[in-house]
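So you can see what is in the structure, the chains are spelled out below.
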Amino acid sequence: MNDRRRNLFVLLAIGAAIVASAVVILTQPTKLGLDLKGGVSLTYQAKPTKKTQVTGDSIQRAIDIMRERVDQFGVSEPEIQRSGTDQIDVSLPSAKNADEAARQVGKTAQLYFYDWEPNVLGPGCKPDPTNSAVTGGSNAGGTTAAISKYDAVQRAATCKPTSTGQETNNGQYYLVDSKTKTVLAGPQLTLTDLKQEMRDHTPIPYLETATRKVVKIPAGAIVVQAADTKPADDAFFVLADQPALTGTDIKDPKQNFDNSTGGTGAPTVTFNFTDKGRKTWQKVTKQIAQRGSENNFGGNAQSSFQHFAIALDNQLISTPYIDWTRNPEGIDGSNGSEISGGFTIKSAQNLANLLKTGALPLRLKLISATKVSAELGKAALRQGLVAGLAGLILVSLFLLAFYRVLGLVAISALAVYGILLFALVKLIPITLTLPGIAGLILTIGVAADANIVIFERVKEEVRAGRSIPVAISQGYRKGLSAIIDANVVTFMVAFILFILATAGVKGFAFTLGVGVLVSFLTAVLLTQAVLGTLGGSGVLSSRGSLGAQSDAQRFHWDFMGASRWFFSLSGVILLIGAFAVGGKGLNLGIDFTSGSRVTAELVQKGSESQIRDTLAPLGLDKAKIQRVTGKEFKSGEAFQISSRKLGRGQRVAVENALSKRFGGGQYSFQFVGPTFGNTVANGAIIAIIASLIVISAYIALRFEWKYAVPVLIALMHDLLITAGVYALFGFEVTTATVAALLTILGYSLYDTIIVFDRVRENVPRMPRAAFSQILNRSMSEVVARSLATSLSTLLPILALLFFGGTTLKDFAFALAIGVLSGTYSSIFIASPVLMHWKEGEPAWRKRRARIAGVNDGVVPAFATSVGGASTEVNVDADNKPRKRLTSPDDPNRGVDRAEWDSLVRDLHADAPPPVRDEAADLLPEDLVLKDEPKPRAPKRPRNSRHGRKR
Amino acid sequence: MGLLAWVMMGLALWHFAIFLPDRFWGGIVGSFLCVIVGAALVGFIVSGFTVPGTNDTTISTALLGIPGSLLGLAFAYGLGVQRGNEALEL
């Protein structure tokens, strides 16, 4: 296929793709993430129970149950998926009942039925069924006979362990304070979990002291909270952990009303029994009825009624009695049963729903929670789109100003890129998050970079005297390797981020990766086809139309000579950074430190101190309160209240207190547990190390291993300078910062690869030059290109910085520092390090000494030659098979008259290549006559310790 | 955080090694490795075989990176001289 046909084919294919994309864009909905549409995002860590280990199967069962629970609340488009080996992510968009669904979705919902009186344990951990001071008598399960949690734990700790097989756990751990007689943490199934809970909930670290002790309750005893109490109420019982029935023995639970004769009409939960459950129910209620009958010594029968208790997740929810006078043989379970007492319609519905979906096979620990109000989400989306548009406009203006007609072609390619990428986002579909939008905006820079690399090459070829069609063809051929290298590296970094990073960053990585692939298609294939078609036309007839009208474009500056001063500059910046890290430290966000954060956008203006005063009665006087400003807030500002973990009740209390004091507000909430924080931190470290290894391996393969080490040093330089700037200015380090740092790795490499690519090209072309001269020459050739690519990347980042809203600002700031540092380090760190290292090699030392010898002991900054002879050889005269073309209209070649004429013109325009003179670089002693045998190298003596003496 | 401060200090000081004649073992890269390892190792030893956390890192922690960096640099230079590395005039 000749070039013209290939170009036509590419244009038609991309035209068809644009039409298909337009159809997709018009017909498919855009899937927005919770940060853009509002909602609740929860991450749970699964923990094993006595009967179930954390496996793929058990997690999937838990997810199925959770999905059913969410469906019961009618929340549309929920997303529940496994994350890592033991985590479950739940995303519930803003909708009616979303809060309630979020509250219920992770509940274990273990339901147990206990025969009450024989199982309530009194002093000495002994049952006392007839003692109403222990059982509560007619107020069984209520607060009358309940004891404090501290006493209940102490009592349960004295029980002897049992192993009947009916126990619901293998023992539980609590942390108690004997001085204040309070329970600080628990119950937890392991000591590790107890320590973690301490870190989550309380400002005091886990520590055993003289008064603070870990108490283990053995298997067979359990502490339950009294019925009709609130979570904060201190009323508990100790039970022998021998449940008669469990949640698996019931079916068809429903919310109902007590409409029986003499019924109260109050909401209840009714249910049926399974076959096994029905038999057990009859048996247990018969035992209870008989015990009641035996305990009746005349008088009021009701005073001898015995009870059974229903407990859900260690909380008594009902303790009904069995009327032995009406059911002396127990209650037939074929008509089911009901749970009553203290329900509202909603709470009865919730319980029925929980029982309907069944208990989760695993315990779920909430390790991260984020709630974004729908208004904030919409504002964030609007800002993201504005930033994207601004980035596109800025890059377009830049391309137009620098590359004229070529710029127009690049802008068209960018527009096509935008259409294809948006269609892909809808088609896959990619859930668009705020970091995802940032990724899309950044890929605008990637797409423009590829064009800049090629266009600068084209301009170079034009300035070297090539005709425009040949320059275009050569520009693409020579520029492609650098683009492939840079895109492969960026894609690999995006892939590593996607595999290792947390959910929010995954969205960024995915869009970045897809964007890199699409940009390669549009920035290389499309523009090549367009320019190939335009090349012979009048549109690209003058050098000015390419922005290459001037010849004096090359910098002639001794980059390598000046490197020591730039090294010093970097050293000073890093020194300041090191002191900033030491003195001020990094301001780690709650993604890493764990805790809760409420973002409050208040109706009436307030100050930090007013907010602190308002929250002091809630025990949050030591909370970190910070004013944040941003266009996403209607009033232009909001307050972030960061503290230790806040429970749902505490969070609601905070919101109520602030609304009352400041006339209402919009609230977002974020909680990150230490487990999640550790996951984020470890993921970040692994991602950085993995990126460095992959990048090094790739550079070593594509160049040589000595090129990889300066790249790593330059990357380290960029990352540490960014860290230093963060420490110096106190910017918060979040997961987005980590994503930015990893992206910096990719971008920093882009520049370095461009420089090294040219060095690789120049080394065989300059066989008589020192390595420093080759580097100076290479830098002079590519510095404009390097600066242009950095600027094209920086422009969308600046758009993010100025238009992207509070969340993206930090991200954009880290990227801006990284891109600037990356450009600087490519030129002034990586290249000089490579020079120093290579110049130390014997071959280069020898060459350097020879050059110094003929230049009065000085090696000039640029390669020069005596008598003005060329210092270069033409290595473009490669060994590729050549095609012979002797006449136009050759049917085998498919070349028409116009193309033939164009080729002839080009051949006349291009200077004939100089013949490579290999002998020119050799020393006289190295020269041998053609018919004289080359002297053989002397044989090396054998090792005297191992061989014979010679 | 302490490790970050030491490594940053090491990297900062390594940049000034460019003013010394390059007789380092392994050249400029060898000096880099020795400085970073030296800064981290000596910082770790002087801190009592612990790495100060976020709350324990101070300016003096960062200063602890200096002796290790200089020792690392001296080590790389000494080894280079011992191996007969000739100074590279650049």
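Residues numbered from 1 in each chain as written. Chains lettered and ligands numbered in written order. Predicted model: local features only at pLDDT ≥ 70, side-chain atom pairs only at ≥ 80, totals over all residues.

If you tally the helices and strands in chain A, you get 25 helices and 23 strands. The burial tally for chain A puts 49% of its 950 residues in the buried class. The contacts of chain A with a sequence gap of at least 6 include a subset with a gap of at least 24, amounting to 76%. (Helix = DSSP H or I, 4+ residues; strand = E, 2+ residues; numbered from the N terminus. Buried ≥ 20, exposed ≤ 12 C-beta atoms within 10 Å, placed from the backbone. Contact = placed C-beta atoms within 7 Å.)

In terms of regular secondary structure, chain B is built from four helices and zero strands. Counted from the first residue to the last, chain B has its helices and strands arranged as α-α-α-α. For chain B, with 90 residues in total, the buried portion stands at 52%. When contacts within chain B are restricted to residue pairs at least 6 apart in sequence, those whose partners lie at least 24 apart make up 85%.

Residue and element names in this part refer to chain A. One open sheet holds the three strands; their spatial order is E6-E5-E7, and the pairing between them is antiparallel. Looking at which strands have only one partner, the edges of the open sheet turn out to be strand E6 (182–188) and strand E7 (212–217). Direction aside, the axes of adjacent strands within the sheet are offset by 20° on average. Taken together, the six bridges between strand E5 (residues 172–177) and E7 define a ladder with antiparallel strand orientation. Its bridge partner being in E7, Asp177 is matched across the sheet by Arg212. Set on the sheet, helix H7 (residues 149–157) makes contact with E5, E6 and E7; between it and E7 the angle comes to about 55°. (Pairing = 2+ DSSP bridges. Axes fitted to C-alpha atoms, helices over the stretch in contact; angles between N-to-C directions.)

Facing 25 residues of chain B, the contacting portion of chain A comprises 29 residues. If you list the elements that add at least two residues to the side of chain B that touches chain A, you get helix H1 (2–15), helix H2 (27–46) and helix H3 (59–63) of chain B. For the side of chain B that touches chain A, the element with the most residues is H1 of chain B, which contributes seven residues.

For the rest of this paragraph, the subject is the packing of helix H11 (residues 374–427) of chain A against helix H12 (residues 434–463) of chain A. Residue and element names in this part refer to chain A. Axis separation between H11 and H12 bottoms out at 8 Å; the angle between their running directions is 5°. Classed by the angle they form, the pair H11 and H12 counts as roughly parallel. Broken down by class, the residue content of the contact of H11 with H12 amounts to 21 nonpolar, five polar and no charged. (Parallel < 35°, antiparallel > 145°, perpendicular 65-115°, else oblique. Nonpolar A, V, L, I, M, F, W, Y, C, P; charged D, E, K, R; others polar.)

Residues and elements named next belong to chain A. With omega at -15°, the peptide bond leading from Ile428 into Pro429 counts as cis. Among the structural elements, Pro429 can be located in the loop between H11 and H12. For Cys125, which is not glycine, the phi dihedral falls at a positive 65°. Here Cys125 shows up in the loop between helix H5 (116–119) and helix H6 (132–135).

Moving on to the packing of H1 of chain B against H2 of chain B. Residue and element names in this part refer to chain B. Put simply, H1 and H2 touch, their axes get as near as 8 Å, and they point 145° apart. When the axes of H1 and H2 are compared, the crossing they make is right-handed. Side by side, H1 and H2 meet where Gly2, Leu3, Trp6, Val7, Met9, Gly10, Leu11, Leu13 and Trp14 of the first sit next to Ser31, Phe32, Val35, Ile36, Gly38, Ala39, Ala40 and Gly43 of the second. Among the residues forming the contact of H1 with H2, the class breakdown is twelve nonpolar, five polar and no charged. (Left-handed = near helix turned anticlockwise from the far one by under 90°.)

Our next topic: the sheet that holds strand E2 (residues 79–83) of chain A. All names here are of chain A. Ordered in space as E2-E3-E1-E17-E22-E19-E21-E20, the eight strands form an open sheet in which the pairing is antiparallel. A single partner strand is all that each edge strand has here, and the edge strands are E2 and strand E20 (624–629). Neighbour-to-neighbour, the strand axes of the sheet open up by a mean angle of 20°, direction not taken into account. Docked against the sheet, helix H3 (residues 56–72) engages strand E1 (39–47), E2, strand E3 (87–93) and strand E17 (363–372), running at close to 165° with respect to E2.

Let us now look at the pairing of strand E13 (residues 306–312) of chain A. All names here are of chain A. The buried fraction of E13 is high, at seven of seven residues. Residue alternation in E13 divides its side chains into two sets, Gln306, Phe308, Ile310 and Leu312 and His307, Ala309 and Ala311, and both sets are buried. As paired elements, strand E4 (residues 111–115) and E13 share five bridges and run antiparallel to each other. Among the inter-strand pairings, Leu111 is bridged to a residue of E13, identified as Leu312. Where E13 lies against strand E15 (residues 321–322), two bridges are found, and the strand directions are antiparallel. By the bridge assignment for E15, Gln306 is matched with Ile322. What sits between E13 and strand E14 (residues 315–318) in their antiparallel hairpin is a turn of two residues, with Asp313 showing a positive phi close to 50°.

Core analysis: the largest hydrophobic core is formed by 227 residues, its most contacted members being Leu414, Ala578 and Val581 of chain A together with Met8 of chain B. The element best represented in this core is H11 of chain A, accounting for 23 residues. Core analysis: the next-biggest nonpolar cluster, separate from the first, contains 66 residues, Val176, Phe273, Ile288 and Phe343 of chain A among them. (Core = buried A, V, L, I, M, F, W, Y, C linked by C-beta atoms within 7 Å.)

Another point: the confidence of the model for chain B. Residue-level pLDDT values for chain B average 91, and 99% of them are 70 or greater. As scored by the predictor, the complex reaches a pTM of 0.66 and an ipTM of 0.95. (pLDDT = per-residue confidence, 0-100.)

What H7 of chain A keeps buried is the set Lys149, Tyr150, Ala152, Val153, Arg155 and Ala156 of chain A. Residues of H7 of chain A that are buried make contact with E5, E6, E7, strand E8 (221–225) and strand E9 (236–240) of chain A.

Residue and element names in this part refer to chain A. Of note, Phe559 is situated in helix H15 (residues 559–583). Residues Phe559 and Gln773 lie 214 residues apart in sequence; the distance between their C-alpha atoms is 9.6 Å. Discounting residues that sit within four places of it in the chain, Phe559 has contacts with Leu775, Asn776, Met779, Ile827 and Ser831.

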